[in-house]
Amino acid sequence: MPFRARERIEELAARAGLRRLSPAVLGAALALMLAALGWAAFRWTPSSGPEIVEGVEAARDAGASGKPTESAEVVVHVVGAVRRPGVYRLPKGARAEDAVAAAGGALGSADLSALNLARAVADGEQLAVPAKGEAPAQGKQAPGGAKGGGKLDLNRATVEELDALPGIGPSTAAKIVQEREANGPYRSVDDLMRVPGIGPKKLDALKDLVTAG
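For the structure given in this document, a descriptive report is provided here.

## Description of the pattern of salt bridges
Step number 1: Within the structure shown, the criterion is met by 5 salt bridges.
Step number 2: Between glutamate 179 and arginine 194 there is a salt bridge; the shortest N-O distance is 2.8 Å. With a gap of 15 residues between them, glutamate 179 in helix α6 (residues 170-183) and arginine 194 in the loop between α6 and α7 (200-206) connect regions that are remote in the sequence.
Step number 3: Judged by relative accessible area, which is 30%, arginine 194 ranks as partly exposed.
Step number 4: Note that aspartate 190 is salt-bridged to lysine 207, the shortest N-O span being 3.4 Å. Taken together, the residues aspartate 190 in the loop between α6 and α7 and lysine 207 in the loop between α7 and β5 (210-211) connect sequence positions 17 residues apart.
Step number 5: A relative accessible area of 35% means that lysine 207 is categorised as partly exposed.

## Observations regarding α6
Step number 1: Taking 1.5 Å per residue as the helical rise, α6 with its 14 residues ought to reach 20 Å, and the 20 Å between its terminal C-alpha atoms agrees with that figure.
Step number 2: In this structure, the buried residues of α6 make contact with α5 (159-163).
Step number 3: Positive phi shows up at glycine 184, right after α6, with a value of about 95°.

## Considering the sheet that holds strand β1 (residues 73-80)
Step number 1: Spatially, the 3 strands line up as an open sheet ordered β2-β1-β3, and their pairing is mixed. The sheet is open, and its two borders are formed by β2 (86-91) and β3 (126-129), each paired with just one other strand. Here the average twist between neighbouring strands, direction ignored, is 35°.
Step number 2: The pairing of β1 with β2 spans 6 bridges and is classified as antiparallel. Residue pairing for β2: histidine 77 is matched across the bridge by valine 87.

Reading the values: the criteria
- Residues numbered from 1 in each chain as written.
- Predicted model: local features only at pLDDT ≥ 70, side-chain atom pairs only at ≥ 80, totals over all residues.
- Heavy atoms only, no water.
- Salt bridge = Lys/Arg side-chain N within 4 Å of Asp/Glu carboxyl O.
- Helix = DSSP H or I, 4+ residues; strand = E, 2+ residues; numbered from the N terminus.
- Buried < 20%, exposed > 50% of the residue type's maximum accessible area, 1.4 Å probe, protein only.
- Expected span 1.5 Å × (residues − 1).
- Contact = heavy atoms within 4.5 Å.
- Pairing = 2+ DSSP bridges.
- Axes fitted to C-alpha atoms, helices over the stretch in contact; angles between N-to-C directions.

See below:
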């Protein structure tokens, strides 16, 4: 039996006017005291800071930092030979095929071969679906590459914007940007002949759609 605890119990008993406690009573009182102390220690845990609620606290922190959260959607304007032309919200990473489907699908008169349906659409883009026999319509791109008259500026356009041009796939679009970065800006649309894979026929198809600002 710890000496200091026993001495404390006897002191309290003397103050209460009790005679010297028997060993059995003293032992029981000490056991109760130790049990109470142990229970209090078990129940108490030190606070390590405010509780973090997953998701809610993260959103609150993002707002406090002033940093905008990245949108999980893109907004695309679908026009031309589709059943329901209009503005549609699509999941980020959606393809041109998804945008056409959101607009109710293509009309029977649509020339889908003029589009790269597998490319990813950009936020703020206008996707134009041409009809058969029409010159491919140039949809207006998200801010950055388009210039007056709806033409795409070869010296400002991104790979994604160039990929939207008829007959230009991701590989050729990347080559156009690489050529511009390696050898300087394009002085005229004819300078596209510097890009491997672009010949006279493809250049003629692009002349009314692009410019070299």
